[in-house]
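Residue strings, one per chain:
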Amino acid sequence: MKDNYDVIVIGAGNAGLMSALQIASKGKSVLVLEANSVPGGLATSFVKGRFEFENTLRAVHNLGSETNNKGRLRKLFNEFNLNDEIEWLEIPSSYKIIKTDNPREEYDLVFGLDEFIKKMQDYEPESKDKLSEFFDLAKEIRDGFLYMISNDNIDYDFIKEKYPNFINTAAYSVEEVFKKLKLPKKIEDIIKSYWIYFGVSTLNMNFAHYMYIFYELISNKAYIPKNRSMEISLAIEKKIRDYGGKVWFNDRVNKILVENNSVVGVTTESGKTYKTNHIICNTSLLNIYEDLIDKDKLDKKVLRLLNGRRLGAKALTVYLGLNKSPEELGINNYSYFIYNSLDSNTEIEKMKNLDSNTIVVTCLNKANPEASEKDTTILNITAFYYADCFGSILNEENYYKVKEKIASKLIERFETVCGINIKDFIEEIEISTPYTYSLYDSSYDGTVYGWSLINSDSILSRITNKDEDAIVNGLRLCGAYSYYGHGYDSTYINGYEIANKTLNDIDKGDVKNENN
């Protein structure tokens, strides 16, 4: 059995799979080692009863159309003909935003620039001109941001000339820039309401990054794969194998072997050792520091990096299989953002305890009527949390009771806000807590959002220091904890880029692979 590889990829999540695909496509020998029995990490699904639940995906926003407006992700997938293997479904407008504190407010966040402006006129009739100016600004900032993240050799003089408004806003938070824009308050609140996608308040979130995501969402619309995230994961895994790469499951890497500050291989829980001088690790620096590399092999700069970053949001998700159709239940939207207030900073503070009732609700059947059998519904309710509000309360004795109590409250929250009954039609229920996520994909403390994308540690600051987490020769990190942060689009693109960096390392001979 072969035990020497050009590259070993630890973890078959989005980024790990895409890294391995790019490595294999260039004729290098690559082995992917995955602890679980299926590829995808959190980009997967599971079956309970007659329902197949989507694990985490709500939308891919960087796909764009097949014809004249291809997004970054569609271009990347086209490079490997992956879009031929995946059936994409466009998410119908709209996202429903509901604020429950007095006075109650409801808004629809619709796709398409013209459609969005028209819809906002229902809420603020005189907003058309202001919104047209806003989207002109947003497009320039999106283009400047895209230039920054797409080029290793950044020409700052070019950016200043081509995207001056990007330069003028790049260092500021969402809140700081919106104060200068002076949009009607209601329109401003609606535009800022997508903050939960980042898990960061608008006081702490980088404006340019927010505009990039928001403009892509509105202009390019959003999509999901018809056959769940597994459709993507399995398509990529098959391509890896077609190129001669190997993907092995059910064997967790327990050690990265290091000699003279260079990787030389890995060992697994099954007792196997594989040699390599190049590893791409789809996990966090915290996991590497705590578990995968002996601490005496690591430079102290690791601690400086860890101390300089914050963990992002944790999630608790209630998966519901209902024996009524969405129409019978009164569910009219694909996704609901349910807030107490439209002040993101206030909401984040409430998310620091288990009583948080800020939730995102997704009805898969509204985008894919064939997601479950006729006259049934798949519904996910997700609440987000900060700080160690779970660890201070949960223990082995009360774990199931507490998580069931939280799930019951979240179901009741959705029912009360929307004036519908779902609990009487629950056929299947499953609950994932931060501990579930942590056990499944080794996300540190169940932090599915990776490092928090606060303004002082935004993508813009990270991409100017892309190699700062290259703490050992031959080791590179990818995934939600890398420079692009969490999200399907981000992790696929990040994995591809990290693979190219590793290929460059091999070509330059920075780390000579004497094992092959």
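Residues numbered from 1 in each chain as written. Predicted model: local features only at pLDDT ≥ 70, side-chain atom pairs only at ≥ 80, totals over all residues. Heavy atoms only, no water.

### Observations regarding the overall build of the protein chain
From N to C terminus, the protein chain includes 18 helices and 19 strands. Radius of gyration (C-alpha) of the protein chain: 23 Å, near the 24 Å computed for a compact globule of 516 residues. Projected onto the principal axes, the alpha-carbon positions of the protein chain cover approximately 70 × 60 × 45 Å. For the protein chain, the proportion of its 516 residues judged to be buried stands at 61%. When contacts within the protein chain are restricted to residue pairs at least 6 apart in sequence, those whose partners lie at least 24 apart make up 72%. On the protein chain, roughly 21200 Å² of surface is accessible, and the fraction owed to carbon and sulfur atoms is 44%. Averaging the positions of the 63 positive and the 76 negative side-chain charges in the protein chain gives two centres separated by 1 Å. (Helix = DSSP H or I, 4+ residues; strand = E, 2+ residues; numbered from the N terminus. Rg over C-alpha atoms; globule rule 2.2 N^0.38 Å. Buried < 20%, exposed > 50% of the residue type's maximum accessible area, 1.4 Å probe, protein only. Contact = heavy atoms within 4.5 Å. Areas by Shrake-Rupley, 256 points an atom, 1.4 Å probe, with all protein chains shown as cover. Lys, Arg positive; Asp, Glu negative; His and termini not counted. Charge placed at Lys NZ, Arg CZ, Asp CG, Glu CD.)

### Some words on a negative patch on the surface
A cluster of acidic residues, Glu-126, Asp-129, Glu-133 and Asp-136, forms a negative patch on the protein surface. On the accessibility criterion, Asp-129 (60% relative accessible area) is exposed. (Patch = residues over 30% accessible without salt bridge, like charges linked within 9 Å, V, L, I, M, F, W, Y side chains within 5 Å. Salt bridge = Lys/Arg side-chain N within 4 Å of Asp/Glu carboxyl O.)

### Observations regarding the sheet that holds strand E2 (residues 30-33)
In space, the 5 strands of this open sheet follow the order E9-E2-E1-E13-E19, with parallel pairing throughout. A single partner strand is all that each edge strand has here, and the edge strands are strand E9 (246-248) and strand E19 (475-477). Recorded for the sheet is a direction-independent mean angle of 20° between the axes of neighbouring strands. Relative to E19, strand E13 (residues 279-281) runs parallel, the two sharing 3 bridges. Paired with Cys-281 across the two strands is Leu-477, which belongs to E19. (Pairing = 2+ DSSP bridges. Axes fitted to C-alpha atoms, helices over the stretch in contact; angles between N-to-C directions.)

### A word on unusual backbone geometry
Across residues other than glycine, the phi torsion is negative in most instances, and most of the peptide bonds are trans. Cis geometry marks the peptide bond from Asn-102 to Pro-103; its omega dihedral reads -5°. Topologically, Pro-103 is positioned in the loop between strand E6 (95-99) and strand E7 (105-109). Positive phi is not limited to glycine here, since Asn-250 has a value of about 60°. Tracing the backbone through its elements, the reader meets Asn-250 in the loop between E9 and strand E10 (253-259). A residue is classified by how much of its surface remains accessible, and Asn-250, at 55% relative accessible area, is exposed. Notably, Asn-260 is not glycine yet its phi reads approximately 55°, a positive angle.

### Topic: the packing of helix H7 (residues 174-181) against helix H9 (residues 207-220)
For the pair H7 and H9, the least separation of the axes is 8 Å and the interaxial angle reads 80°. Between H7 and H9, the angle falls in the class roughly perpendicular. Contacts from Val-174, Val-177, Phe-178 and Leu-181 in H7 reach Phe-207, Tyr-210 and Met-211 in H9. (Parallel < 35°, antiparallel > 145°, perpendicular 65-115°, else oblique.)

### Remarks on the environment of Tyr-449
Topologically, Tyr-449 is positioned in the loop between helix H16 (434-441) and helix H17 (459-463). Residue classification places Tyr-449 among the buried residues on the basis of a relative accessible area of 7%. Each C-alpha atom of the pair Tyr-449 and Phe-384 lies 10.0 Å from the other, and the pair is 65 residues apart in sequence. Contacts of Tyr-449, omitting those with residues within four sequence positions, involve Arg-58, Ile-196, Tyr-197, Phe-198, Gly-199, Gly-312, Ala-313, Phe-384 and His-486.

### Points about the sheet that holds E7
Two strands in a sheet stick together by hydrogen bonds in their backbones, pointing the same way (parallel) or opposite ways (antiparallel). Strands sit in the order E7-E6-E15-E16-E17-E14-E18 across an open sheet of 7 strands; the sheet is mixed. With one partner strand each, in any of the chains shown, E7 and strand E18 (426-432) form the two edges of the open sheet. When strand polarity is set aside, the average angle formed by the axes of neighbouring strands in this sheet is 15°. In the sheet, strand E14 (residues 314-322) pairs with strand E17 (residues 377-385) via 9 bridges, with the strands oriented antiparallel. Bridge pairing in E17 places Lys-314 opposite Tyr-385.

### Considering the state of the cysteines
Taken as a whole and judged by the stated rule, the model has 0 disulfides. Here Cys-418 is not disulfide-linked; the sulfur of Cys-363 is the nearest cysteine sulfur, at 11 Å. With no disulfide of its own, Cys-478 has Cys-281 as its nearest cysteine by sulfur position, at a separation of 7.5 Å. The exposure class of Cys-478 is buried, given its relative accessible area of 1%. (Disulfide = S-S within 2.5 Å.)

Just geometry here; none of it tells us what the structure is for.
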